[in-house]
Amino acid sequence: MAGTLYLCATPIGNLGDITQRVLDTLREVDLIAAEDTRNTLRLLNHFEIKKPMTSYHEHNKYSRAQELLDRLRRGENIAVVTDAGTPAISDPGEVLAALCIGEGIRVTSLPGACALITALTMSGMSARRFCFEGFLPPEKTEKKERRRILDQLRTEERTILLYESPHHLRATLADLADTVGGSRRITLCRELTKRFEEAVPFTLEDAVRYYAENEPRGEYVLVLAGADPAENEERARAACGDIPLEEHMREYLDQGLSQKDAMRRVAADRGLSRRDIYRQLKIK
């Protein structure tokens, strides 16, 4: 019988945030796969836990995942921990979890600290609808993909959360300001759950100016306000020119598209939902 993979959330700063369930699981599993064994050893020593460990990180996530998978097949139980927070969130844990699920091996997640949720709830931004982008692709090696994602964020109406390191913060803030506009609101959260925790609201232009004069320190969660729906609609109308909705629809129908597909294309062109197009055309 195969073992179980446990995704164990660990503190993002304050050790008091670890759960009793995670501690019990770390004591009971056969092996702990850690992003950085040195960091995890400090955590285990603090709670007087002694368990075998192996490294499992970005640079060995595919080769080591196969080794861990073999051990799970043999019936061993394995806990995966990241340096801080919940495994599989911008973390190689997602690779192993996907492999296990593909083979029918049980995967369970032990909830706990998560930097993006902590930042969102303390930012004052709308938490009703939000999206998580993790780290933007690097400018040097994935410039085209980075630009594609930034262009998508321009019209994203949900609150947007991103992770960023201090070394790349200035470039990311500048790119966001250039793409979505300097007046867009953003809250920069750092040192979460620690003594010098901060959640500082800015406009993007003010954030760019502030960090031009002050050195970024610590890991950041950026909480960016979503786009104004009214501005999106105006932008979509401008992009479509003065074409009446019915004429816009007819262009696609004349190309041989079905009514459903034509509505989908018109909705995408205008930045509206298909339901909005349906209502405006009063299609029965």
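Criteria and cut-off values
Residues numbered from 1 in each chain as written. Predicted model: local features only at pLDDT ≥ 70, side-chain atom pairs only at ≥ 80, totals over all residues. Heavy atoms only, no water. Core = buried A, V, L, I, M, F, W, Y, C linked by side-chain atoms within 4.5 Å. Buried < 20%, exposed > 50% of the residue type's maximum accessible area, 1.4 Å probe, protein only. Helix = DSSP H or I, 4+ residues; strand = E, 2+ residues; numbered from the N terminus. Contact = heavy atoms within 4.5 Å. Pairing = 2+ DSSP bridges. Axes fitted to C-alpha atoms, helices over the stretch in contact; angles between N-to-C directions. Parallel < 35°, antiparallel > 145°, perpendicular 65-115°, else oblique. Left-handed = near helix turned anticlockwise from the far one by under 90°. Nonpolar A, V, L, I, M, F, W, Y, C, P; charged D, E, K, R; others polar.

A. Focus on the nonpolar core. Leu173, Leu176, Ile186, Leu188, Leu204 and Leu222 are the most contacted members of the largest nonpolar core, which totals 21 residues. At the level of elements, helix 6 (143–155), strand 7 (159–164), helix 7 (169–180), strand 8 (185–190), helix 8 (204–213) and strand 10 (220–224) are the ones that each hand at least two residues to this core. Among the elements that make up this core, the one with the highest residue count is helix 7 (5 residues). Filtering out sequence-adjacent residues up to four positions away, Leu204 remains in contact with Leu173, Leu176, Ala177, Val180, Gly181, Gly182, Arg184, Ile186 and Leu224.

B. Representation of the sheet that holds strand 3 (residues 53–55) in the model. Within the open sheet, the 5 strands sit side by side as 3-2-4-1-5. Their pairing is parallel. Of all the strands in the sheet, the pair left with one neighbour each is strand 3 and strand 5 (106–110). Here the average twist between neighbouring strands, direction ignored, is 25°. Of the pairings in the sheet, the one linking strand 1 (residues 4–8) to strand 5 comprises 5 bridges and is parallel in character. Across the sheet, the residue bridging to Leu5 is Val107, located in strand 5. Lying on the sheet, helix 4 (residues 93–103) is in contact with strand 1, strand 4 (78–81) and strand 5; it crosses strand 1 at an angle near 155°.

C. Here's a closer look at the packing of helix 3 (residues 63–73) against helix 4. As a packed pair, helix 3 and helix 4 sit with axes 10 Å apart at the nearest point and diverge in direction by 40°. Taken together, the axis directions place helix 3 and helix 4 in an arrangement best described as oblique. Every pair of crossing elements has a handedness; the one defined by helix 3 and helix 4 is right-handed. From helix 3, Ala65, Gln66, Leu68, Leu69, Leu72 and Arg73 reach across to helix 4, where they touch Val95, Leu96, Leu99, Cys100 and Glu103. Counted by class, the contact of helix 3 with helix 4 contains 8 nonpolar, 1 polar and 2 charged residues.

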